[in-house]
Amino acid sequence: METKRTMTLNLSAEEMAALDDLSARKNLSKTAVIRQALRLYQLVDWRLSHGERMFFEAEGKVEKAELMVL
Amino acid sequence: MQVEPPELVMAVLDDSAGAEVLIAAEEEWGPERISAAKRHLGTNSFPEHFYFNWARKIGQLKLEAYRCTSLHWDGSCQGLMMLSLVGHVAQFGPDKGKDLVYVEFLEAAPWNVKELNPLPRFCHIGTRLLEAAVLISKDEGFEGRVGLESLMQSEGFYRQNGMQEIDPSRATRELRYFEMTKDRAEKFLEEVRD
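The model shown is predicted, which means the values in this text are computed figures rather than measured ones.

J.: How should I be thinking about the sheet that holds strand S6 (residues 164-166) of chain B in this particular structure?
T.: Residues and elements named next belong to chain B. The strand order across the open sheet built from 7 strands is S1-S2-S3-S4-S5-S7-S6, with neighbouring strands paired in mixed fashion. One side of each edge strand has no neighbouring strand; the edge strands of this open sheet are strand S1 (12-14) and S6. Strand-to-strand twist in this sheet, taken as the mean axis angle between neighbours without regard to direction, amounts to 25 degrees. Here S6 pairs with strand S7 (residues 176-180) via 3 bridges, running antiparallel.

What follows is the structure in structure tokens.
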């Protein structure tokens, strides 16, 4: 059975509001939102560390906007 | 289900298959895939997924964003599926924009593909893996939503399982996109359990 561990998260009021908003819009629990954020961050970090670049592309537009990750 | 003699067998589903499973499967499947490709060269049955190589995907398993599901019987892998759990959202209906489980790759072992073999060993491998994707989606809180882009040879399978589709000419994708909505997922689970 997968072992899960508990962590306490200290967030500002604004951060909590952002979490609440994502939770409501995505119909996900706050835990699921944090889990998705972690997966995405790890994936982005891995791809960037392997020399890839991340862009956003608007539909119907030719230019792409590069997302800089520090 | 075993095709000959026809009987239901109890396969084992591993919803977190590791690198050793992918490597072992590729060792068995790779030569069979090449052999099938040679037999069907120049025909409509030439396997579009000929280039698949599961051993090359083991790097993805280091990331929480991916999960591999495998179906085994009698110690041999009969089907594999690589899922992406992040970065893909529903395109249809009231759940548009909500997270879904995305099937990056799905393959039944070459000896189970009826287009490649006159007498496959097992059938319904794809259905069982698709069912697993829906259950994982529910477990993740995505309410059963599943999305994927299909090779042309597999479009009929996803269509007959009630997935909605987007014509590639209307999208930026090269392959036709299929999606299992939340409502369809519930019906699908009832159908496959009957």
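The structure having been displayed, the exposition proceeds.
J.: Can you walk me through the interface of chain B and chain A in this structure?
T.: Listed per partner, the contact involves 16 residues of chain B and 13 residues of chain A. Between chain B and chain A, roughly 1,300 Å² of surface is buried when both sides are summed, and carbon and sulfur atoms account for 55% of that area. In this structure, the connection of chain B to chain A is made through 2 salt bridges. Taking the shortest distance from any N to any O, the salt bridge between B:Glu140 and A:Arg39 comes out at 2.8 Å. Summed over the shared surface of chain B and chain A, the result is 7 residue pairs in polar contact (both at pLDDT 80 or more).

Analysis parameters
Residues numbered from 1 in each chain as written. Chains lettered and ligands numbered in written order. Predicted model: local features only at pLDDT ≥ 70, side-chain atom pairs only at ≥ 80, totals over all residues. Heavy atoms only, no water. Pairing = 2+ DSSP bridges. Helix = DSSP H or I, 4+ residues; strand = E, 2+ residues; numbered from the N terminus. Axes fitted to C-alpha atoms, helices over the stretch in contact; angles between N-to-C directions. Contact = heavy atoms within 4.5 Å. Buried area = accessible area lost by both parts, 1.4 Å probe. Salt bridge = Lys/Arg side-chain N within 4 Å of Asp/Glu carboxyl O. Polar contact = N/O pair within 3.5 Å; in protein donor to acceptor, adjacent residues only side chain to side chain.

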